[in-house]
Amino acid sequence: MRTARLRTVHPALWAGWAALAAGAVLCVIGWYGVSGERYAERQLPYLASCTIPGAALIVAAAILLTHGRSALAAARVEELYALLVAVEADDAEESARAAFTPVAVSGDLLMVPGGTLWHRADCPLVAGKPEAVPVDSKLVASGELSPCPICEPAEADD
């Protein structure tokens, strides 16, 4: 969800666009006035009153637009950071809950033919697999099968 601050345009951006428009208009008026005069002494008032202030407004507009963009980018970074912190907090709560709740609690033990691990029946690694078969106690006793690190079926024997 985006914040209201990001939906509105930063005031520096509005000021920058307004200064750019005013500067462009002044430069066009100055150019038009200078182009209609033949002698330099008659062109100077247009340069002094329109073109130079117009150029200054364009420079100011560039500064304001740069500042507005960086402020907007900073606001977006802050929003993303807040979302990241919120997600990490949710993940931390879920991982804390998951640390105290076992992944699988079934007493039935299964294995996949050709596999090297034995699992509880509700272990996510074998749950819903039709090829999973009950564990052969000879394979467990001989050490050919190891307990699954996810569901920890060795605790079922304790």
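These numbers were taken from a predicted model, which means no experiment stands behind them.

The next subject is a nonpolar patch on the surface. Nonpolar side chains collect at one region of the surface, where Leu44, Leu47 and Ile52 lie side by side and expose about 280 Å² of accessible area between them. Structurally, the position occupied by Ile52 is in helix α3 (residues 40-100). The exposure class of Ile52 is exposed, given its relative accessible area of 57%.

Among the secondary structure elements, Arg120 is positioned in strand β2 (residues 117-120). In this structure Arg120 comes out as buried when scored by relative accessible area, which is 7%. Among the polar contacts made by the side chain of Arg120, one reaches the main-chain carbonyl oxygen of Cys151 at a distance of 3.1 Å.

Between its first and last C-alpha atoms helix α2 (residues 11-35) spans 36 Å; for 25 residues at 1.5 Å apiece the expected length is 36 Å, and the two agree. Within α2, burial applies to Ala12, Leu13, Gly16, Ala19, Gly23, Gly30, Gly33 and Val34.

Turning our eyes to something else, we now look at the pairing of β2. Relative to β2, strand β1 (residues 109-111) runs antiparallel, the two being bridged by three bridges. Each residue of the ladder has a partner; that of Met111, found in β2, is Trp118.

Our next topic: the sheet that holds β1. Neighbouring strands of a sheet are bound in pairs by backbone hydrogen bonds; such pairs are parallel or else antiparallel. With mixed pairing, the four strands of this open sheet are ordered in space as β3-β1-β2-β4. A single partner strand is all that each edge strand has here, and the edge strands are β3 (133-134) and β4 (146-147).

This part is about the state of the cysteines. Should the sulfur atoms of two cysteines be covalently bonded, the bond is a disulfide. Counted under the stated rule, the structure contains zero disulfides. Cys50 takes part in no disulfide bond, and the closest cysteine sulfur to it belongs to Cys27, at a distance of 8.9 Å. Just so you know, Cys148 is unpaired, no disulfide at all, and the nearest cysteine sulfur is the one on Cys151, 3.8 Å from it.

Attention shifts here to the confidence of the model for the chain. Per-residue confidence for the chain gives a mean pLDDT of 78; residues scoring 70 or more make up 78%. Ranking the elements of the chain by mean pLDDT puts helix α1 (residues 4-7) last with 50 and α2 first with 89.

Reading the values: rules and limits
Residues numbered from 1 in each chain as written. Predicted model: local features only at pLDDT ≥ 70, side-chain atom pairs only at ≥ 80, totals over all residues. Heavy atoms only, no water. Patch = residues over 30% accessible without salt bridge, like charges linked within 9 Å, V, L, I, M, F, W, Y side chains within 5 Å. Areas by Shrake-Rupley, 256 points an atom, 1.4 Å probe, with all protein chains shown as cover. Salt bridge = Lys/Arg side-chain N within 4 Å of Asp/Glu carboxyl O. Helix = DSSP H or I, 4+ residues; strand = E, 2+ residues; numbered from the N terminus. Buried < 20%, exposed > 50% of the residue type's maximum accessible area, 1.4 Å probe, protein only. Polar contact = N/O pair within 3.5 Å; in protein donor to acceptor, adjacent residues only side chain to side chain. Expected span 1.5 Å × (residues − 1). Pairing = 2+ DSSP bridges. Disulfide = S-S within 2.5 Å. pLDDT = per-residue confidence, 0-100.

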